Amino acid sequence: MNLLLINGPNLNLLGKREPSIYGLETLETIEEALTKKAISHGVTLQSFQSNSEGQIVDRIQQSIANVDAILINAGAYTHTSVAIRDALLGAQIPYVELHLSNTYAREGFRQKSLLADSAIGIICGFGGMSYELALEGALAFLNKNKNKN
């Protein structure tokens, strides 16, 4: 199985940016731990981060027929990007939306997701562990559906 992790804008600043909200872990540390976890499950994980909406859309489209599931922390684009939503729907790849913070306990504009209604699941509020939970959820979904076929 091949999974893709997509991280959106400003997540490259993890560890420095608002540590009281996002913690002290860097994106590199999170990605390394998640890659090890994926390997332990016999899964390939590719990681991608961009501050550019268009690059995220391009990466989603490049995943068609190459990726079994997407884990996506679209950052602020979660609340604003119809383009990323349309790319995910067009790619027809199951995806898990994830966030480090509990977006529902934050500002009102962060409580609305343009991605949530088509996601196979949503994980938020567990810091770096949100990534591991998203991975576990995606694998459970894929394995359940594999066994149906």
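None of the values given here were measured: they were computed from a predicted structure.

Asks: Teacher, can you tell me more about helix α2 (residues 27-40) here?
Replies: Each α-helix turn comprises 3.6 residues. Residues three or four places apart therefore point the same way. Compared with the 20 Å implied by 1.5 Å per residue over 14 residues, the 20 Å span of α2 between its first and last C-alpha is a close match. Burial in α2 covers these residues: L27, I30, E31, L34 and A38. Angularly, the buried residues of α2 cover 95° about the axis, an arc narrow enough to put them on a single face. Seen from the open side of α2, the exposed residues pointing more than 90 degrees away from its buried face are E28, K36, I39 and S40. At its buried positions, α2 is contacted by β1 (2-7), β2 (44-49), β3 (69-73) and α5 (129-148). Of the residues flanking the end of α2, it is G42, one or two places downstream, whose phi is positive at about 75°.

Asks: What am I meant to see in unusual backbone geometry here?
Replies: If a residue is not glycine, its phi is most likely negative; likewise, a peptide bond is most likely trans. Despite not being glycine, A65 has its phi angle at roughly 70°, a positive value. On the basis of relative accessibility, which here comes to 78%, the residue A65 falls in the exposed class. Unlike most non-glycine residues, Q92 shows phi in positive territory, near 55°. As for its position among the elements, Q92 is in the loop between α4 (82-91) and β4 (95-99).

Asks: What should I look at first to understand the packing of helix α3 (residues 53-62) against α4 in this one?
Replies: For any two helices packed against each other, the geometry is given by the interaxial angle and the distance between the axes. The contact between α3 and α4 brings their axes to 9 Å, and the two run at 5°. Put simply, α3 runs roughly parallel to α4. Here α3 contributes E53, I56, V57 and I60 to the contact with α4, which in turn contributes A83, I84, A87, L88 and A91. Classifying every residue of the contact of α3 with α4 gives eight nonpolar, no polar and one charged.

Asks: So what exactly am I meant to see when it comes to the pairing of β1 here?
Replies: Residues in a regular strand project their side chains so that they alternate between the two faces of the sheet. Taking burial as the measure, the six residues of β1 include five buried ones, the bulk of the element. Alignment of β1 against β2, held across six bridges, turns out to be parallel. Bridge pairing in β2 links N7 to Q49. Here β1 runs beside β3; their pairing, made up of five bridges, is parallel. Of the residues in β3, the one forming a bridge with L3 is A69.

Asks: Honestly, the pattern of salt bridges in this entry has me stumped. Any pointers?
Replies: Pairs can form between side chains of opposite charge once their charged atoms are near each other. All told, the structure shown has two salt bridges when counted by the stated rule. The partner of E136 in a salt bridge is K37, and the shortest N-O contact between them spans 3.5 Å. With E136 in helix α5 and K37 in helix α2, this residue pair connects regions lying 99 residues apart in the sequence. Take K37: its relative accessible area is 28%, and that puts it in the partly exposed class. Note that D117 and R85 form a salt bridge whose closest N and O atoms lie 2.5 Å from each other. Here R85 lies in helix α4 and D117 lies in the loop between β4 and β5 (121-124), a separation of 32 residues in the sequence.

The rules we used
- Residues numbered from 1 in each chain as written.
- Predicted model: local features only at pLDDT ≥ 70, side-chain atom pairs only at ≥ 80, totals over all residues.
- Heavy atoms only, no water.
- Helix = DSSP H or I, 4+ residues; strand = E, 2+ residues; numbered from the N terminus.
- Expected span 1.5 Å × (residues − 1).
- Buried < 20%, exposed > 50% of the residue type's maximum accessible area, 1.4 Å probe, protein only.
- Arc of directions from axis to C-beta.
- Contact = heavy atoms within 4.5 Å.
- Axes fitted to C-alpha atoms, helices over the stretch in contact; angles between N-to-C directions.
- Parallel < 35°, antiparallel > 145°, perpendicular 65-115°, else oblique.
- Nonpolar A, V, L, I, M, F, W, Y, C, P; charged D, E, K, R; others polar.
- Pairing = 2+ DSSP bridges.
- Salt bridge = Lys/Arg side-chain N within 4 Å of Asp/Glu carboxyl O.

Just distances and angles here, no functional claims.
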